[in-house]
Amino acid sequence: MSALRVACVGSGFSGAVIARTLAERAGLEVDVFESEPYVGGHCHTERDERTGVMVHRHGPHIFNTQFDDVWSFVNRFTVFRDYVHKVRAITSRGVFGLPINLKTLNDFFGEELTAETAPGFLEAQGDKSIAEPRNFEEQALRMLGRDLYEAFFHGYTRKQWGVDPTELPASIFQRLPVRMSYDDNYHISRYTGIPEQGYTQLIASILDHPKIRLRLGQTFEASDAASYDRVFYSGPIDGWFGRRHGRLRYRTLRFEAIYQEGDYQGTSQVNFCQESVPWTRVTEHKHFAAWESHSETVAHKEFSSACGPDDTPYYPLRLVDDRSTLAQYVELADREGGNLTFVGRLGTYRYLNMDQVIKEALDTAEGFLAAPHDAARFSKDPL
Ligand SMILES: Cc1cc2nc3c(=O)[nH]c(=O)nc-3n(C[C@H](O)[C@H](O)[C@H](O)COP(=O)(O)OP(=O)(O)OC[C@H]3O[C@@H](n4cnc5c(N)ncnc54)[C@H](O)[C@@H]3O)c2cc1C
């Protein structure tokens, strides 16, 4: 087993967790390739040069999980500090808390609803003429009614996804929570926290093992695969096949920095729900690290747009067209994937939280150790 030559492409959580598990559990030597000059992938954090604040370069990342094994794993490599994520939303009718909860409903409608009376009130707001919601908008109108939908979701969704909410599946809206309590903690997972020294330090620590050789700033090319028995690839699946069946669509983000003395918005995340405001949200990074103290602050205004060939892919669109293109790449991977296992958010073209990525990486590595000559093609079925 220890003679097997293994490469992990990418130093995000996918590549790092697989490399560490194989090195630690089976003494395998693992080469980790990373095109960027730093580790961490999409979770990359670094100190802002001007303020010293730890900045989440690719947007705010809050670690939360229900999985005991994932929480134990990450806690081996860093100290997590307590953090409660509370999101504020600026709408045409004022500033409210998200996810929608009793406080939101009472503030928005000027009511004094209780856990007992709110469900009936909300039910009465819903559009009963929609029997079988066919899309995001219809689902939202049926569940919440027009006032809440238009204030919180219509404009925000159009800015975030670049499509009309009638083009998005109803299933997205079913996942957005409405709370019949005053709990405005955005994440209700068993474990939540922020790594004290940031995600890049956490991932560097996962990769810090004598059997792991890190090749920073080195892009893994198709011709490199022949030097290995197995390659765990966390880059984009369409990119690996030269985009032969076209480009899988993503949304990309652009960030505009705001600097000032003291505090900018008094909290870590404010969403801007009106379509007339071009940015979707503002993240003020120092509020993720209440244990630190900084005289200046840095906040990032976030703008969402279609991802072009030279942009960084953020959110997979996964609409009907994308799914049929993806199906072609999955077929290609099964036919021509050679010694590759496609893993993670780009390898399987799915939106995945960090804990899901870690869970899948742990399972993929264990699966490989159990049957190295019968390795899976994907960390999880992308379709
Ligand atoms: C805006 C935003 C906010 C998010 N917030 C949260 C949050 O609050 N909580 C949460 O749990 N999750 C969050 N996520 C999800 C989280 O970012 C992902 O789950 C995680 O980063 C995926 O890790 P990965 O290793 O699969 O992919 P990535 O982190 O994308 O890593 C892939 C790596 O592979 C490298 N690579 C690609 N191709 C090659 C090649 N050919 N050669 C060498 N290197 C290559 C890339 O440079 C990259 O470093 C958020 C995502 C986004 C977009």
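Report follows, based on the coordinates. Every value quoted in this text rests on a predicted model; they were computed, and no experiment measured them.

Rules of the game
Residues numbered from 1 in each chain as written. Predicted model: local features only at pLDDT ≥ 70, side-chain atom pairs only at ≥ 80, totals over all residues. Heavy atoms only, no water. Near = heavy atom within 4 Å. Polar contact = N/O pair within 3.5 Å; in protein donor to acceptor, adjacent residues only side chain to side chain. Areas by Shrake-Rupley, 256 points an atom, 1.4 Å probe, with all protein chains shown as cover. Helix = DSSP H or I, 4+ residues; strand = E, 2+ residues; numbered from the N terminus. Nonpolar A, V, L, I, M, F, W, Y, C, P; charged D, E, K, R; others polar. Pairing = 2+ DSSP bridges. Axes fitted to C-alpha atoms, helices over the stretch in contact; angles between N-to-C directions. Parallel < 35°, antiparallel > 145°, perpendicular 65-115°, else oblique. Left-handed = near helix turned anticlockwise from the far one by under 90°. Contact = heavy atoms within 4.5 Å. Buried < 20%, exposed > 50% of the residue type's maximum accessible area, 1.4 Å probe, protein only. Lys, Arg positive; Asp, Glu negative; His and termini not counted. Salt bridge = Lys/Arg side-chain N within 4 Å of Asp/Glu carboxyl O. Phe/Tyr/Trp six-rings, centres within 6.5 Å; stacked < 30°, edge-to-face > 60°. Lys NZ or Arg CZ within 6 Å of the ring centre and 35° of its normal.

Side note on the site of the ligand
Taken together, 33 residues lie near the ligand, and Glu-34, His-42, His-61, Leu-352 and Met-354 sit nearest. Here a nitrogen atom of the ligand sits 3.0 Å away from a polar atom, N or O, in the main chain of Pro-60. For the ligand, whose unbound accessible area comes to 1,000 Å², protein coverage reaches 92%. Elements supplying a minimum of two residues to the shell around the ligand: helix H1 (13-26), strand S2 (30-34), helix H11 (344-347) and helix H12 (354-370). Per-element tally for the shell around the ligand: the top contributor is H11, with three residues. Of the residues in the shell around the ligand, the class split is 15 nonpolar, 14 polar and four charged.

Re the sheet that holds strand S16 (residues 315-316)
Strand order in the open sheet formed by seven strands is S8-S7-S13-S14-S15-S12-S16, with mixed pairing between adjacent strands. The outermost strands of the open sheet, each flanked by one partner alone, are strand S8 (94-98) and S16. Across five bridges, strand S7 (residues 87-91) lies against S8 in antiparallel orientation. In the sheet register, Arg-88 faces S8, and the bridge partner there is Gly-97.

Considerations on the sheet that holds strand S9 (residues 191-195)
With antiparallel pairing, the three strands of this open sheet are ordered in space as S5-S9-S6. Edge positions in the sheet fall to strand S5 (63-65) and strand S6 (80-81), since each has one partner strand and no second. With two bridges connecting them, S6 and S9 associate as antiparallel partners. Its bridge partner being in S9, Arg-81 is matched across the sheet by Ile-194.

Brief notes about the packing of H1 against helix H8 (residues 199-207)
Where H1 meets H8, the axes come as close as 8 Å, and the angle between the chain directions of the two elements is 25 degrees. By the angle between their directions, the pair H1 and H8 is classed as roughly parallel. Note on packing geometry: the crossing formed by H1 with H8 is left-handed. In this structure, H1 uses Phe-13, Ala-16, Val-17, Ala-19 and Arg-20 to contact H8, whose residues at the interface are Tyr-199, Leu-202, Ile-203, Ser-205, Ile-206 and Leu-207. Partitioned by chemical class, the residues of the contact of H1 with H8 number nine nonpolar, one polar and one charged.

Some remarks on the side chain of Asp-355
Within the secondary structure, Asp-355 sits in helix H12. Among buried charged residues, Asp-355 stands out as having no salt bridge; its nearest opposite-charge side chain is Lys-359, 9.2 Å away. Setting aside anything within four residues of it in sequence, one finds Asp-355 in contact with Phe-63, Asn-64, Thr-65, Gln-66, Phe-67 and Val-70.

Re the pattern of salt bridges
The full count for this structure, using the stated rule, is 28 salt bridges. Among the salt bridges present, the one from Glu-46 reaches Arg-57, with a minimum N-O distance of 2.5 Å. Of this pair, Glu-46 sits in strand S3 (residues 45-47) while Arg-57 sits in the loop between strand S4 (54-56) and S5, and the two are 11 residues apart along the sequence. Arg-254 is the salt-bridge partner of Glu-256, the closest N and O atoms lying 3.2 Å from each other. For Glu-256, a relative accessible area of 35% corresponds to the partly exposed category. Here Arg-254 falls in the partly exposed class, since its relative accessible area comes to 45%. Through salt bridges with shared partners, a single ionic network connects Arg-244, Glu-331, Arg-335 and Glu-336.

Things to note about the pairing of strand S1 (residues 6-9)
The side-chain alternation of S1 yields two buried faces, one formed by Val-6 and Cys-8 and the other by Ala-7 and Val-9. Here S1 runs beside S2; their pairing, made up of four bridges, is parallel. Of the residues in S2, the one forming a bridge with Val-6 is Val-30. Pairing geometry for S1 and strand S11 (residues 230-233), over four bridges, is parallel. Bridge assignment links Val-9 to a residue of S11, and that residue is Tyr-233.

A few points about helix H3 (residues 102-109)
For an α-helix the count is 3.6 residues per turn, leaving residues at separations of three or four pointing the same way. With six of its eight residues buried, H3 lies for the most part within the structure. For H3, the full list of buried residues reads Leu-102, Thr-104, Leu-105, Asn-106, Phe-108 and Phe-109. Those residues of H3 hidden inside the fold are in contact with S8, helix H4 (118-125) and helix H6 (146-161). Where H3 starts, the residue carrying a side-chain oxygen 2.8 Å from the main-chain nitrogen of Lys-103 turns out to be Asn-101. Phi turns positive one or two residues past the end of H3, at Gly-110, with a value near 65 degrees.

Things to note about the packing of aromatic side chains
As enumerated under the stated definition, the model contains 29 aromatic pairs in all. Pairing Phe-220 with Tyr-228 gives two aromatic rings, centres 6.3 Å apart and planes at 45 degrees, and the pair type is tilted. In this structure Phe-220 comes out as buried when scored by relative accessible area, which is 7%. Classification of Tyr-228 by relative accessible area gives buried; the value is 12%. Members of the aromatic cluster, each reached through a chain of ring pairs, are Phe-33, Phe-220, Tyr-228, Tyr-233, Trp-240, Phe-241, Tyr-329, Phe-342 and Phe-378. Lying over the aromatic face of Phe-303, Arg-254 brings its terminal NZ or CZ to 4.2 Å of the ring centre. Lying across the ring of Phe-67, Lys-359 places its NZ or CZ 5.1 Å from the centre.

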